[in-house]
Amino acid sequence: MRTNPLRAGTRNLLCFGIAALLFAAPLVYLFLQAFKTFTGFLQDPTGLPHPWTLENFGAAWTQGDFGRQMLNSLVYAVVPDTVTLILGVFLAFPVSRGYFRRSNAVYAFFVFSGFLPGGLIPLFIEAQALGLYNSMPGYLILTSLSGAGFFFFVGYIKGIPREIDEAAALDGCGYVRFIFTIIIPQMKPALATFAIFGFVHAWNNLILPLVMLSDQKLWPVTRGLYSFFGEHTQNWPLIAAGTFIVAAPILLLFVALQRHLVEGVAGGAAFGTQGVAVPAEPGEAR
Amino acid sequence: MAAGPFGTRRTRRLIPWASIAIPGIGWLLFGLYPSLATVGYSFTQYSGLPGTPLNVCGLCNYTAAFTSLSAQVWESLQVTLVYVVGVTVLQNVAGLGLALLLNRPGRSYTVYRALIFMPQIFSVAVVGAVFALILDPFTGPAATAWKALFGSTTAFLGDSSLALPLVMLVNIWMFAGYSMLIYIAGLRNIPKPVYEAAALDGAGRWRAFLHVTWPLLAPATTVNVFLTAMGALGEYALILVLTGGNFGTKTLGLYMFESAFGGNSQLGYGSMLAMLQFLLTLAIGGTLLFTLRRREIQL
């Protein structure tokens, strides 16, 4: 057996120190600032709040228009996430099964296209030409029709026995019904993982809203925070409160699904897939 | 088999095509076409503003990049290379170190791993605000610490010699947890008996790492190095939020974004920069895959 150079207690303490001081402390520090009054912050910028106040959260919420933006973010995250997953299955199923001629060529072409240049600029020109620029439906169309998750699904569907296709077809099951009632329930673990990462990715996206949405009413909350940050420079308690409002939903999601996400990657889910670097939005550079 | 079992004799061949039609057309329109069109637009001058013409000007953007604007392009190329190499090396060292430390059973380690993984789930807008606060030259804790250590003041993200290393550190802070998890997955794939054999042969802790862990970790290293390098190469949202590309942090990606969407609306010039970025990605990615794969076989 390996000899252990660190006693268990020392190692635990060291790991605690790294996790708490290097990785968690910056976020906790920001959170604490949100409870300071502006004068309290100026008097003691790095200390604990004195006096404590909750006013910044209310002020940030109204001044930053975060209520509306939260709702926008939710729409921009949930709609493309759902549509993409369903379309991804419809795309992946026949390719995975080889149900049309040259499906291998189609698959290879998809893989190859991932290495093409980033298309953000032409996408912007195209969105303007098609009337998809600066509109909520337009933004949703741009982000929903990318077929992301496709590669991931092709491999997964290969693991579902082909015989059930034929059995279902013999019993007169229609294609669409087959996908929704047989294939999609079989793919639950893959779909869940992808839905979570897709949601987080869409919620966090800053570049695409910066490029595609000029009207403030249409902004998602990340885009709003970016401007809020510029408008209130130096009023750190207010910015901290705004930042916390933007981060809170993702933080809650993470706390709830932490085990699934972290141990999923550690357990080897990352090998052979794109892991966290999941569905690149169309035209995004990475 | 060229048709699935679904549908009547007449529709059997059509159904698979219908199935891929909507996502396929969406992908052609918003995935493939923009990528390919970047090549075309890189030969034009175009502002994208309504009513302005699109001038096809051949290699004008490329000539500009190597003549009148070569200083800017050269600088951003250098910044990009420093960024990619620095982030890739340091993030992998950090990820491997963390993996060796934290690959332990027990509930407390599960919590630590989750905390280290956590930063990357937040938007760059959130991470940018966190570090702008901490690195604020007047009110941030980093300024206090700097003053205590060196007795002087600095502008941190507003300082040309510090901004790039700081942005790289934030990038590493954000994604070290991901590298850690891939290395942990690799460590868990190494069979225990190999270590026992090494111990029987009298290998100490360091030699066991050098001759057992490191070679057997090669697949994880390949995945990690490749993903980190490609991620760092494509990263510009984080840099945009932290420095806006000022103070020596303008990577090619950010230069592209700024040319096209930063007020000047030079969409043609920006497309040319996207092409340079693409060629750089191809060169670095290809070299990495080739050498890493060969290394896996040799080890």
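Residues numbered from 1 in each chain as written. Chains lettered and ligands numbered in written order. Predicted model: local features only at pLDDT ≥ 70, side-chain atom pairs only at ≥ 80, totals over all residues.

Next up on the list: the overall build of chain B. Helix and strand counts for chain B come out as 13 helices and two strands. Taken over C-alpha atoms, the radius of gyration comes to 25 Å for chain B, far larger than the 19 Å a tight globule of 299 residues would show. When the backbone C-alpha atoms are referred to their principal axes, chain B occupies close to 80 × 75 × 35 Å. Taken across its 299 residues, chain B has 45% of its residues classed as buried. Within chain B, contacts between residues separated by at least 24 positions form 66% of all contacts whose residues are at least 6 apart in sequence. (Helix = DSSP H or I, 4+ residues; strand = E, 2+ residues; numbered from the N terminus. Rg over C-alpha atoms; globule rule 2.2 N^0.38 Å. Buried ≥ 20, exposed ≤ 12 C-beta atoms within 10 Å, placed from the backbone. Contact = placed C-beta atoms within 7 Å.)

All right, on to the overall build of chain A then. A tally of regular secondary structure across chain A gives 14 helices and zero strands. Secondary structure elements in chain A, listed N-terminal to C-terminal, are α-α-α-α-α-α-α-α-α-α-α-α-α-α. Going through the 286 residues of chain A one by one, you find that 42% of them count as buried.

Residue and element names in this part refer to chain B. Feature annotation in UniProt assigns "transmembrane region" (unreviewed entry) to the following positions: residues 14-33, 81-102, 114-135, 162-185 and 267-292. A helix fraction of 100% and a strand fraction of 0% characterise residues 14-33, whose end C-alpha atoms lie 25 Å from each other. For residues 114-135, helix accounts for 68% and strand for 0%, while the C-alpha atoms at its two ends are 25 Å apart. (UniProt positions renumbered as here; feature names shortened; annotations may be inferred.)

The next point concerns the UniProt feature "transmembrane region" (unreviewed entry) in chain A. Residue and element names in this part refer to chain A. Within this numbering scheme, the UniProt entry marks residues 12-32, 74-93, 105-125, 137-157, 178-203 and 236-257 as carrying the feature "transmembrane region" (unreviewed entry). As a span, residues 12-32 carries 100% helix and 0% strand, and end to end its C-alpha atoms are 26 Å apart. Helix makes up 100% of residues 74-93 and strand 0%. Its end C-alpha atoms lie 28 Å apart.

This part takes up the interface of chain B and chain A. Taken residue by residue, the interface counts 82 residues in chain B and 84 residues in chain A. If you tally residues by element for the side of chain B that touches chain A, the top one is helix α1 (residues 14-41) of chain B, at 20 residues. The residue inventory of the side of chain B that touches chain A, partitioned by class, reads 58 nonpolar, 20 polar and four charged. (Nonpolar A, V, L, I, M, F, W, Y, C, P; charged D, E, K, R; others polar.)

Residues and elements named next belong to chain A. Between its terminal C-alpha atoms helix α10 (residues 175-186) stretches 15 Å, which fits the 16 Å expected from twelve residues at 1.5 Å a residue. Considered for burial, the residues of α10 that qualify are Y175, F178 and I183. Along α10, the residues classed as buried sweep out an arc of 55° about the axis, all on the same side. Turned more than 90 degrees off the buried face of α10, the exposed positions are R177, T181 and P185. (Expected span 1.5 Å × (residues − 1). Arc of directions from axis to C-beta.)

Quick look at the packing of helix α3 (residues 70-102) of chain B against helix α10 (residues 218-234) of chain B now. Residues and elements named next belong to chain B. Interhelical geometry of α3 versus α10 gives an angle of 140° and a closest axis separation of 9 Å. When the interaxial angle is binned, α3 and α10 end up oblique. Seen from above, α3 lies across α10 with right-handed handedness. For the pair α3 and α10, the contacting residues are Y83, V84, V87, T88, Q91, N92 and G95 in the first and N224, V225, T228, A229, A232 and L233 in the second. Class assignment of the residues belonging to the contact of α3 with α10 gives a composition of seven nonpolar, six polar and no charged. (Axes fitted to C-alpha atoms, helices over the stretch in contact; angles between N-to-C directions. Parallel < 35°, antiparallel > 145°, perpendicular 65-115°, else oblique. Left-handed = near helix turned anticlockwise from the far one by under 90°.)

All right, on to the environment of F156 of chain B then. Its location among the elements puts F156 of chain B in the loop between α6 (141-150) and α7 (163-188). Beyond its immediate stretch of four places on either side in the chain, F156 of chain B contacts L135, P137, A142, L162 and L166 of chain B.

Looking at the assigned domains, one finds that chain B contains domain 1 (1-29) and domain 2 (71-298). If you average the C-alpha positions of domain 1 of chain B and of domain 2 of chain B, the two centres end up 42 Å apart. (Domains from an automatic or database assignment.)

Taken N-terminus to C-terminus, the directions of helix α4 (residues 66-97) of chain A and α1 of chain B make an angle of 140°; their axes are 8 Å apart at the nearest point. Taken as axis vectors, α4 of chain A and α1 of chain B run oblique relative to one another. For the crossing formed where α4 of chain A meets α1 of chain B, the hand is left-handed. When α4 of chain A is examined against α1 of chain B, the residues L87, G88, F90, L91, F93, P94 and V95 of chain A are found in contact with a partner set consisting of P16, S19, I20, I22, P23 and G24 of chain B.

Turning our eyes to something else, we now look at the confidence of the model for chain A. Per-chain confidence: chain A averages 84 in pLDDT, with 88% of residues scoring 70 or above. When the criterion is pLDDT under 50, residues 268-286 of chain A qualifies, and its contacts beyond four places in sequence or with other chains add up to 56 contacts. (pLDDT = per-residue confidence, 0-100.)

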